[in-house]
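# Chains, contacts and geometry: an overview
Each chain, letter by letter, is given below.
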Amino acid sequence: MSERLDRLLRPRSLAFIGGAAAELAIEASRSFGFDGEMWGINPRRELRGALTVGSVAELPGVADAAFVAVARDTATDVVRELAAAGTGAAVCYASGFAETGDTGAAAQRELVEAAAGMPLVGPNCYGTLSAVTGAALWPDVHGLARCERGVALVSQSGNVAVNLTMARRGLAVAHVLALGNQADVGLAESTETLVADPAVTGVGLYLEAVDDIDRFAAAMDVAHQRRLPVVALKLGATEASGAIAVTHTASLVGNDTAYDALFRRLGVRRAHTVPELLDTLSVLVATGPLRGNRLVSLSCSGGEAALMADRSRGRNLSFPAFSPEHRDRVAAALEHRVAVTNPLDYHTFIWGDTARLTECFTAVLRDGRSVGDSPVEPSTRPFEGSPADSPFDAAVLLLDLPAAGLDRSRWWPTLDAFGAACAASGTPGVVAASLAENLPDEARTRAGELGLCACGDIDSALGALEAAAAFGRSLAAVASAPPPPLLAPAHSARPAGEPRPQRASSDGDAAVLAAVVMTETVLTETVLTETVLTETVLTESEAKERLAAVGISVPRGLLVTAAEAAAAAVEIGLPVVVKATGVAHKSDVGAVTVGLDDLDEVAAAAARLGALGDGTVTVEECVADAVVELLVSVRSEPPVGMLLTLGAGGTLVELLEDTATLLLPTRPADVRSALRSLRVWPLLAGHRGRPPAAVDAVVEAVSALALLVSTDRSITEVEINPLLVTEETAVAVDALMTVTQFGDAEIEPVQTRPDRP
């Protein structure tokens, strides 16, 4: 574990500064069973029976951690005194800092300076809970129980953190960190510390942004080495939630799609609801990484079995059929009274009979052969081998119990039998209900005692098992070929997520956009010199020159006046394409005409299109026999990295929304996998007996584009649309490229520190 946060997570002495909120934290620690020293600081009154002094200087010892619950204007002085006294860490509860605007941001910088390297959680946060030590730097109630090992939950929202502690899912929680504004201790450092903690069995994240991508990626490497699951619920998927995040904790949300790509690359499972976050974490901790995606479902109802099958649709899960021999053994256990299918309806004639239920479930989970003899599809074959005597990677029992006050005694034999069969076969088992309220705490507890994991409902169970299978694949992939370090985002003069500017108004005079962004300040005797970023959209011909320089095929073309278009067509060779210059999204505004094989038609098209701009047009060779049109783009997405997007291109790109995303750098195999995930893949592969497209050429073009943006860090965005793919080649017939240029500008002196963040 990182030594920097060790005293915060395992304190032996606590200090509480303030009034009512400090008293609540004292009471929380006391009721949680903290047995170390607890001191209060309040110059006017005693705090809840704790030894209380008037100032930090009067403390009888050095606190490992302190809870600072005073107003913003006082908090900075208190933090400074705590740091000077050698305090291990401080939680700043007060709000009114960067989340409120410029004045608050200045106060937050002063707060961090006052900490002088002492770990500072917050401000604008609830603080931390340690179920391992009983320490509660926490001004509210919570629902945790003491434990020696458990998951860690990290949240940027204090209220959500409170809610998470109240969950009743049989999930042991060792630590909770509510980080607030993350002025100092951030999500990446917290995660880095927690994944290395031997008391932590998994990590759940409720986040708005990752503050340090490289540090977070390094933490995920450690998590993989420990086979430790990490599940994230990230906000900011909509414009509204992103705006709330900015005003809530002053976070840069970033592009949600880029975070999806980041989480996939790092093996982090993304959840989209709070129940999904906790259920997925529960299953991953209980089952560990699954060796494959083959499930078997058990229920006493045909309707429930059908529902299970339907709800798995669209998920990367399979319910493989029983082999003939295996089916016969299961049928015999059910007296040949049941049609043996997967999902299985085992009927109710054995209901309440523990012995017969156990015999049935054991027959299902053990087919008498090793998995190497089982008919498993190559795409789902386990990477380490399944449990020695089970043809399935996990089993699900669908069991709805009666409501409180009703007799549940006839339901327990089913749960007990399932637990026994899973234990005998070594198969991970998950219990779910068709309605979450039909799986009460009593059933969840009993399931845990049997070595099973309980999920609220069918969708949660299937989603969690899909995550466990993906976790297994991720560990296998990283073990065989660790991904290279991420390429940092290029400098951009636009905030993350803001729409790109339009192309320059003419080929001869590129427009300069998004004029100034201050990025670096140098104090001189008379002026402040700041780096200025200017963003320029290149002309189409300039963009294609850069693409061609790295080996990407582009059509031969000439920039001419409208009057010269026919002569240019003769030089290039008919048929040709005529384009207006300096116009983005040409097809949308009728600024391109394709397939012209008559010189009079070329002249007429050039006259019309030239009038849309400055009188010039581009005449290009026409790429014939295209199999499919693709979109290929790379865009800088701070703070995550350089985002590669592949998808169906042409005029229907927005309508089809058929895309896949990767972060650079990437490997050819990853590009091929992304292409196979597209709905247009059958066209590339050869649809209905037609010849396949030049997929190798697509991969080569993507690799060349990645090389270009990796070596020329001035490029903040490049889009090829379409990349026309024929049976033999891939040609970039239109391109948009944005570059950032650097310069220095003098500005008037201002009253500020030269090392401001």
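Residues numbered from 1 in each chain as written. Predicted model: local features only at pLDDT ≥ 70, side-chain atom pairs only at ≥ 80, totals over all residues. Heavy atoms only, no water.

## Side note on the overall build of the protein chain
A count of helices and strands for the protein chain gives 23 helices and 31 strands. Every one of the 757 residues in the protein chain was classed for burial, and the buried ones make up 54%. Summarising the internal contacts of the protein chain: among those between residues at least 6 apart in sequence, 70% fall at separations of at least 24. Split by element, the accessible area of the protein chain, about 31,100 Å² in all, is 51% carbon and sulfur. (Helix = DSSP H or I, 4+ residues; strand = E, 2+ residues; numbered from the N terminus. Buried < 20%, exposed > 50% of the residue type's maximum accessible area, 1.4 Å probe, protein only. Contact = heavy atoms within 4.5 Å. Areas by Shrake-Rupley, 256 points an atom, 1.4 Å probe, with all protein chains shown as cover.)

## With respect to the pairing of strand β18 (residues 453-457)
In terms of burial, β18 is largely enclosed, as 4 of its 5 residues are buried. Note on the crossover from strand β17 (residues 429-433) through helix α15 (residues 441-449) to β18: the handedness is right-handed. (Right-handed = clockwise from strand over helix to strand, strands pointing away.)

## Observations concerning the packing of aromatic side chains
Enumeration over the complete set of coordinates arrives at 8 aromatic pairs. Here the aromatic rings of Y259 and F263 are separated by 6.0 Å at their centres, their planes lie at 50 degrees, and the arrangement is tilted. Of the two residues, Y259 and F263 are both situated in helix α9 (residues 256-266); the distance of 4 residues between them amounts to about one turn of the helix. What makes Y259 buried here is its relative accessible area of 0%. (Phe/Tyr/Trp six-rings, centres within 6.5 Å; stacked < 30°, edge-to-face > 60°.)

## A few points about the nonpolar core
Counting residues in hydrophobic clusters, the biggest one holds 57 residues, and the most contacted among them are F16, L205, F216 and L262. Setting aside anything within four residues of it in sequence, one finds L205 in contact with V154, L187, T191, F216, V230, V231, A232, L233 and L277. Of all hydrophobic cores here, the second largest spans 50 residues; its members include A271, V430, I458 and L465. (Core = buried A, V, L, I, M, F, W, Y, C linked by side-chain atoms within 4.5 Å.)

## Details of the environment of L707
With respect to the helices and strands, the residue L707 is situated in helix α23 (residues 695-711). Between the alpha carbons of L707 and P665 there is a distance of 8.5 Å; along the sequence they are 42 residues apart.

## A closer look at the packing of helix α21 (residues 668-676) against α23
Closest axis-to-axis distance for the α21/α23 pair is 10 Å, and the angle between their directions is 120 degrees. The angle between α21 and α23 falls in the class oblique. Both α21 and α23 take part in a crossing whose hand is right-handed. Across the interface between the two elements, P668, V671, R672 and L675 of α21 pack against V695, D696, V698, V699 and V702 of α23. (Axes fitted to C-alpha atoms, helices over the stretch in contact; angles between N-to-C directions. Parallel < 35°, antiparallel > 145°, perpendicular 65-115°, else oblique. Left-handed = near helix turned anticlockwise from the far one by under 90°.)

## Looking at the environment of W351
Relative to the helices and strands, W351 resides in the loop between β15 (344-345) and α13 (354-365). For the pair W351 and R410, spaced 59 residues apart in sequence, the C-alpha separation works out to 7.5 Å. Side-chain polar atoms of W351 contact the backbone oxygen of R410, separated by 3.4 Å. (Polar contact = N/O pair within 3.5 Å; in protein donor to acceptor, adjacent residues only side chain to side chain.)

## Re the environment of D77
Along the chain, D77 turns up in helix α3 (residues 72-84). By relative accessible area, D77 is classed as partly exposed at 42%. For D77 and A114, which are 37 residues apart along the polypeptide, the C-alpha to C-alpha distance reads 7.3 Å.

## Some thoughts on the sheet that holds strand β8 (residues 136-137)
Taken in spatial order, the 7 strands line up as β8-β7-β10-β9-β11-β12-β13 in an open sheet, and their pairing is mixed. This sheet does not close on itself; its edge strands, each paired only once, are β8 and β13 (269-271). The sheet contact formed by strand β9 (residues 150-155) and strand β11 (residues 200-207) spans 5 bridges and is parallel. If you follow V154 over to β11, its bridge partner there is L205. Where helix α6 (residues 187-195) meets the sheet, it contacts β9, β10 (173-178) and β11, and its direction lies at approximately 165 degrees from that of β11. Strand contacts of helix α10 (residues 274-287): β9, β11, β12 (230-234) and β13, with the helix running at about 165 degrees to β11, the strand carrying the most contacts. (Pairing = 2+ DSSP bridges.)

## Here we look at helix α18 (residues 565-572)
Every buried residue belonging to α18 is among A565, A568, A569 and I572, and all of these are buried. Angular distribution of buried residues about the axis of α18 spans 105 degrees; they occupy a single face of the element. Facing away from the buried side of α18 by more than 90 degrees, the exposed set consists of A567 and V570. Elements that come into contact with the buried residues of α18 comprise β22 (557-561), β23 (576-580), α19 (599-610) and β25 (616-621). Directly beyond the C-terminal end of α18, a positive phi value near 105 degrees is found at G573. (Arc of directions from axis to C-beta.)

## Points about the side chain of E620
Relative to the helices and strands, E620 resides in strand β25. You can call E620 buried: its relative accessible area is 5%. Within the local environment of E620, its side chain forms a polar contact with the side chain of K544, the two groups lying 2.5 Å apart.

## Some thoughts on a negative patch on the surface
Taken together, the side chains of D597, D598, D600 and E601 present a region of like negative charge at the surface. By secondary structure assignment, the location of D600 is in helix α19. Here D600 falls in the exposed class, since its relative accessible area comes to 62%. (Patch = residues over 30% accessible without salt bridge, like charges linked within 9 Å, V, L, I, M, F, W, Y side chains within 5 Å. Salt bridge = Lys/Arg side-chain N within 4 Å of Asp/Glu carboxyl O. Lys, Arg positive; Asp, Glu negative; His and termini not counted. Charge placed at Lys NZ, Arg CZ, Asp CG, Glu CD.)

## Considerations on the confidence of the model for the protein chain
Per-residue confidence for the protein chain gives a mean pLDDT of 87, with 87% of residues at or over 70. For residues 744-757, every residue scores under 50 in pLDDT, and the model assigns this stretch 26 contacts once sequence neighbours within four places are set aside. (pLDDT = per-residue confidence, 0-100.)

## Some thoughts on the pattern of salt bridges
Taken as a whole, this structure holds 34 salt bridges when the rule is applied. A salt bridge links R4 to D184; the nearest nitrogen and oxygen atoms lie 2.7 Å apart. In this pair, R4 is assigned in the segment before α1 (6-9) and D184 in the loop between β10 and α6, connecting sequence segments 180 residues apart. Since its relative accessible area comes to 29%, R4 is described here as partly exposed. For E620, the salt bridge is made with K579, and the minimal N-O distance between the two is 3.1 Å. In this pair, E620 is assigned in strand β25 and K579 in strand β23, connecting sequence segments 41 residues apart. Each member of the pair, E620 as well as K579, carries the same accessibility label: buried.

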